[in-house]
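Understanding the architecture of this molecule
Chain by chain, the residues run as shown.
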2 protein chains.
Amino acid sequence: MEQRIDRIKKQLHSQSYKLTPQREATVRVLLENEKDHLSAEDVYLLVKEKAPEIGLATVYRTLELLNELEVVDKINFGDGVSRYDLRKEGADHFHHHLVCIECGSVDEIQEDLLGEVEKIVENDWRFKIKDHRLTFHGICYRCHEKQDTGEESGSEVKEMN
Amino acid sequence: MEQRIDRIKKQLHSQSYKLTPQREATVRVLLENEKDHLSAEDVYLLVKEKAPEIGLATVYRTLELLNELEVVDKINFGDGVSRYDLRKEGADHFHHHLVCIECGSVDEIQEDLLGEVEKIVENDWRFKIKDHRLTFHGICYRCHEKQDTGEESGSEVKEMN
DNA sequence: GTAGGTGCAAAGCCTTTGCAGCAGG
DNA sequence: CCTGCTGCAAAGGCTTTGCACCTAC
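The following refers to the structure shown. (Residues numbered from 1 in each chain as written. Chains lettered and ligands numbered in written order. Predicted model: local features only at pLDDT ≥ 70, side-chain atom pairs only at ≥ 80, totals over all residues. Heavy atoms only, no water.)

Here we look at the sheet that holds strand β5 (residues 106-109) of chain B
Taking strand neighbours across the sheet as the criterion, the six strands line up as β5(A)-β4(A)-β6(A)-β6(B)-β4(B)-β5(B) in an open arrangement whose pairing is mixed. Of all strands in the sheet, those with a lone pairing partner are β5 (106-109) of chain A together with β5 of chain B, marking the two edges. Across this sheet, the average inter-strand angle for adjacent strands is 20 degrees, counted without regard to direction. Where strand β4 (residues 96-100) of chain A lies against β5(A), four bridges are found, and the strand directions are antiparallel. Paired with His97(A) across the strands is Glu108(A), a residue of β5(A). (Pairing = 2+ DSSP bridges. Helix = DSSP H or I, 4+ residues; strand = E, 2+ residues; numbered from the N terminus. Axes fitted to C-alpha atoms, helices over the stretch in contact; angles between N-to-C directions.)

As C-alpha cells, this is what we get:
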C-alpha cells in the first residue's frame, strides 16, 4: 500500500502535480476499497472520516486527475453516477463487470475474456482497439442461492463486498 | 417502416398505452435515424421538425417508455448524455459498439461475439446473464486511412449492419 | 367522466467552475 | 511573491416531476 502510494506520488511529481494531504487521503480510500466501485460521493464520505475538512469539489478534482493519470478508470453503470475503479498496476486495463439487477452488487472479472473477440474486431472491422468496456447485467450467485432456498429476495441488501 | 410502427403500436396497446401523435413522431425519428445514437436532445430537435409543439419532457417520457418496452436501449458512452438505440426486432439484444476516440463516430456490430464468453461467465461465476454491454474505444478505419496517407486499402470492411 | 398524455416551468441531481484564501518554494 | 491547491458556494447540464389542461374512449 505504501509502495503504491509512493508510486502514485512519483507519477504525480513527474507531471508537476503534488500529492497533497487531501489527495493522499483520497488515494488511500481508493486503495482501501479497491474492490468496490465507489461514486464520488462515496469517496467523499469515506475521505471525510480521515480528513473532515475536505470539500466535495476537491474529491471530484482529485478523481478527475487520477483518471487522467490512468490511475483510476471512470466507469458508468447507467445509474446516473460515475464510479471510480482503481486500475491494476501495469495491466493494460482489462477487467469486466458483473452487475446484479437483483441486489445491485458489482463483481469484477480480472481475467481477459476478450482476446479472441478483439482479434475479430481488429481484423474484420479494421478498428484499432485502445480500450474496452464489458459489463454483464444479470443475477449473481448470491441472489441465485437466496431464491433457490426460498428466501425473500432483494430489499435488505446493502454491501456485497 | 409502417409495419414496424404498427407493431410498436400494438405493443403499446397491449399494455394500455397509446401511440399518440407525439409518440409516433418520436418513433419515426428513431426509425429514420436508426444508425445513429441520438441523445434525447437530438431526438427532440428532430421531432420538432415534424411536430413543432412537442416538449422536451414528452420526448424524455416517450424514450423512457420505449426503453421499458424494450423497443430502444438506453446507452451511455460516458459523455454525460444518455443515448437511445433502437433494438433489432426479435433479437435478444446483442449488439456492440465501436467508439472512435479520434472522430467520435459510433459503429455497431450486430454479430454476437460473446457466445463463448457468456458461457464462461455463467459457468465460472455462476452469474445468470440477462443483458450485456460491450463497447470498444479506439480508432476507426476511416481515421486510420486519413492518418496513414498512401496506404494500400487491401481488405474489405465488413458491413456495419 | 375517467384515465392517460401533454407542455411548461420548476425542481433535482450530479458535476464543474469561479474565486478568495492558503501553503510551500 | 508565485504557483498550485483548497473549500465554499454558485452555476451548469441533463433529466425528472408537479400541475393544470386536454383528449380519447
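We are not done yet, so read on.
Comments concerning the interface of chain A and chain B
With 34 residues of chain A at the contact, the number on the chain B side is 39 residues. Interface of chain A and chain B: buried area, both sides summed, is about 3,200 Å²; carbon and sulfur atoms make up 68% of it. On the chain A side of the interface with chain B, the three residues burying the most area are Trp125(A), Arg126(A) and Phe127(A), jointly 27% of the side's total. Where chain A meets chain B, there are two salt bridges. The salt bridge involving Arg126(A) is made with Glu145(B); its shortest N-O contact spans 3.1 Å. Applying the counting rule to chain A against chain B returns twelve residue pairs in polar contact (both at pLDDT 80 or more). (Contact = heavy atoms within 4.5 Å. Buried area = accessible area lost by both parts, 1.4 Å probe. Salt bridge = Lys/Arg side-chain N within 4 Å of Asp/Glu carboxyl O. Polar contact = N/O pair within 3.5 Å; in protein donor to acceptor, adjacent residues only side chain to side chain.)

Concerning the nonpolar core
Residues Val121(A), Phe127(A), Phe136(A), Val121(B) and Phe136(B) are the most contacted members of the largest nonpolar core, which totals 30 residues. Mapped by element, the contributors of at least two residues to this core are β4, α5 (115-124) and β6 (128-139) of chain A together with β4 (96-100), α5 (115-124) and β6 (128-139) of chain B. Each residue touching Phe127(A), except ones within four places of it in the same chain, is listed here: Val121(A), Glu122(A), Leu98(B), Val99(B), Cys100(B), Phe136(B), His137(B), Gly138(B), Ile139(B) and Cys140(B). (Core = buried A, V, L, I, M, F, W, Y, C linked by side-chain atoms within 4.5 Å. Buried < 20%, exposed > 50% of the residue type's maximum accessible area, 1.4 Å probe, protein only.)

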